[in-house]
Amino acid sequence: MKALLVTLYFPPAGGGGVQRSLKLAQYLPPLGIETHVLAPEDPKWLHRDPELRVPTRAWVHRARYVGPRARKPAEDLRRSEGLQRALVQAQVTARRLLVPDASVTWNLTAIPAALRIARREGIDVVLTTSPPGSLHLVGAAVQRATSARWVADLRDPLVAFQHRRADTAATRARQAANEQVARLVARRADAITCVSEAIAEEMRTFEPRGVVRTIANGCDFDDFAGLEYRPAERFRITHTGSFFGKRDPRPFLQALRDSGLDVVARFVGDFRSTDREWAESLGLGDRLQLVDYAPHVESLRLQRDSEALLLLVPDADGRGRGVLSGKVFEYLAAGRPILAVVPPDGAAAALVRETGSGVVVAPDDVDGIRQALERLHGRFLNGGLPAVELPEETRVGLSRRSRVEELATLLREVAA
């Protein structure tokens, strides 16, 4: 059996969005599926990670990325003045005019490349994994022009995305375009896979012709092999990942200040200038450490070598309840206690409770966050915080390999 995985986020790009595609390319070939990957030569993404290794058993094909470079508009505008600011504003506006997303222009090279690969290699199933949603146009094109089946993999909702604004004409236009993509996926895809049940429920409202199956992200326990936790004199709590949209560090930082504890909060990844300035106004001093974007292996090392890990998921008017990102599973694999500042009735909270891996506090409950932080710190002073040990059965069930096996089974069902 032969599968073509189409993804925008693949090495040399870095960041959390790369991991699902990378692990599919790693684990599908040993399961007897000849795996071809189509990715951009350079996705012009915000981060690059030259240390990520591309699996040697997958065939990797490249198509030139045609489109604007990713950027952080608010940050770029803050750093610009005069004519330069006007130029940045024009570039930002141009990106926002592209629908359903700024990466839609990659289809100009990706679709012809995917068709060539599908015909030359005799591809049985094309698997498109989003975001961006426009990437699913490649799957629809290959399905229409060849005998290949199409499976659409959704890592974020196509419509009710928790970080997407809906209060401007541009964002409403994108919302409408994303609804059209969702209808296309529902109408044409032979199967749909989703990383959370909330995304699956959204797709079921579009009455899809094919099966909709939840295949969550998984834990990459092997990635932490050889990485050690060394107890420190000061309590260190680490958050990895970028801040964008409605993700907000301020309630936690306020709770940290209110606690007066000698706790070092490490934020690894992009931190907005506005949040940085606000944090500085709290006078946290050396209790706050901001680490710029780090390669994945360094991010894993910092997670393992922490007393606790900080998980932040915004409520976002209820949309955050269904979020079950790859970060949750990465934290579980790290084996350190988790302070989960997430919707208490959401998917992330349920997983943290089920695994006994940490404590859950609502995102806007500053006093509750402070109390949880004090309890963790008290345990740290009173003998230390032990590693989170998951039973072997749980480890197997949560492993990335098991999740890829689920997907491989579905690909065979679709191709049969």
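Before reading further, recall that the structure is shown in the block above.
Because the structure is a prediction, the values reported are computed rather than measured.

Definitions and limits used
- Residues numbered from 1 in each chain as written.
- Predicted model: local features only at pLDDT ≥ 70, side-chain atom pairs only at ≥ 80, totals over all residues.
- Heavy atoms only, no water.
- Salt bridge = Lys/Arg side-chain N within 4 Å of Asp/Glu carboxyl O.
- Helix = DSSP H or I, 4+ residues; strand = E, 2+ residues; numbered from the N terminus.
- Buried < 20%, exposed > 50% of the residue type's maximum accessible area, 1.4 Å probe, protein only.
- Phe/Tyr/Trp six-rings, centres within 6.5 Å; stacked < 30°, edge-to-face > 60°.
- Arc of directions from axis to C-beta.
- Contact = heavy atoms within 4.5 Å.
- Pairing = 2+ DSSP bridges.
- Axes fitted to C-alpha atoms, helices over the stretch in contact; angles between N-to-C directions.
- Parallel < 35°, antiparallel > 145°, perpendicular 65-115°, else oblique.
- Left-handed = near helix turned anticlockwise from the far one by under 90°.
- Nonpolar A, V, L, I, M, F, W, Y, C, P; charged D, E, K, R; others polar.

A.B. asks: Please provide a residue-by-residue account of the pattern of salt bridges, values included.
C.D. replies: Taken as a whole, this structure holds 26 salt bridges when the rule is applied. K327 is paired through a salt bridge with E330; the nearest N and O atoms lie 3.0 Å apart. With K327 and E330 both in helix 11 (residues 326–334) and three residues apart, the pair spans about one turn of that helix. Residue R395 is joined to E392 by a salt bridge in which the shortest nitrogen-to-oxygen separation is 3.9 Å. With R395 and E392 both in helix 14 (residues 392–398), this residue pair falls three residues apart, about one helical turn. For R395, a relative accessible area of 31% translates into the label partly exposed.

A.B. asks: Give me the packing of aromatic side chains: which residues, what numbers.
C.D. replies: For the coordinates displayed, the defined rule picks out three aromatic pairs. Between F252 and F267 the ring centres are 6.3 Å apart and the planes differ by 70°, which places this aromatic pair in the edge-to-face class. Taken together, the residues span a long stretch of sequence, with F252 in helix 8 (residues 250–259) and F267 in strand 9 (residues 263–268) at a distance of 15 residues. Comparing F252 with F267 shows no difference in burial state: the two are buried. When the centroid spacing of 5.3 Å and the interplanar angle of 55° are considered together, the rings of F267 and F271 count as tilted. Summarising the burial analysis for this pair, F267 and F271 share the class buried. Site record: aromatic cluster; members linked through ring pairs are F252, F267 and F271.

A.B. asks: Kindly report on helix 12 (residues 347–355), identifying the contributing residues and their values.
C.D. replies: Of all the positions in helix 12, only A348, A349, L351, V352 and T355 are classed as buried. In a view along the axis of helix 12, the buried residues occupy a sector of 165°, so they form one face of it. Buried residues along helix 12 sit in contact with strand 11 (308–312), helix 11, strand 12 (338–341), strand 13 (358–361) and helix 14. Trailing helix 12 by a residue or two, G356 shows a phi angle of about 60°, which is positive.

A.B. asks: Provide a residue-level description of the sheet that holds strand 12, including the pertinent values.
C.D. replies: The six strands lie next to each other as 10-9-8-11-12-13, forming an open sheet whose pairing is parallel. Bordering the open sheet on either side are strand 10 (288–291) and strand 13, each of which pairs with just one other strand. The mean inter-strand angle of the sheet, taken between neighbouring strand axes irrespective of direction, is 20°. Where strand 8 (residues 235–240) lies against strand 11, two bridges are found, and the strand directions are parallel. Paired with T238 across the bridge in strand 11 is L309. Across the sheet, helix 10 (residues 296–304) lies against strand 8, strand 9 and strand 11, angled at about 145° from strand 8, the strand it touches most.

A.B. asks: Account for the packing of helix 4 (residues 107–121) against helix 5 (residues 136–145), naming residues and giving values.
C.D. replies: Across the interface, helix 4 lies against helix 5 with an axial gap of 9 Å and an inter-helix angle of 40°. Considered as vectors, helix 4 and helix 5 are oriented oblique to each other. Helix-helix and strand crossings are classified by hand; for helix 4 and helix 5 the assignment is right-handed. On helix 5, the residues that touch N107, A110, I111, A114, L115, A118 and R119 of helix 4 are L137, V138, A141, V142 and A145. Here the contact of helix 4 with helix 5 is built from residues that sort into ten nonpolar, one polar and one charged.

A.B. asks: Tell me about the sheet that holds strand 6 (residues 191–194), residues and numbers included.
C.D. replies: Spatially, 3-2-1-4-5-6-7 is the arrangement adopted by the seven strands of the open sheet, whose pairing is parallel. Strand pairing shows two members of the sheet lacking a second neighbour, strand 3 (59–63) and strand 7 (211–214), which therefore form its edges. Each adjacent strand pair in this sheet contributes to an overall mean axis angle of 20°, direction not counted. The pairing of strand 1 (residues 2–6) with strand 2 (residues 34–40) spans five bridges and is parallel. Bridging across to strand 2, L4 finds its partner in H36. In the packing of helix 4 onto the sheet, contacts are made with strand 1, strand 2 and strand 3, and the angle to strand 2 comes to roughly 165°.

None of this, on its own, says anything about what the molecule does.
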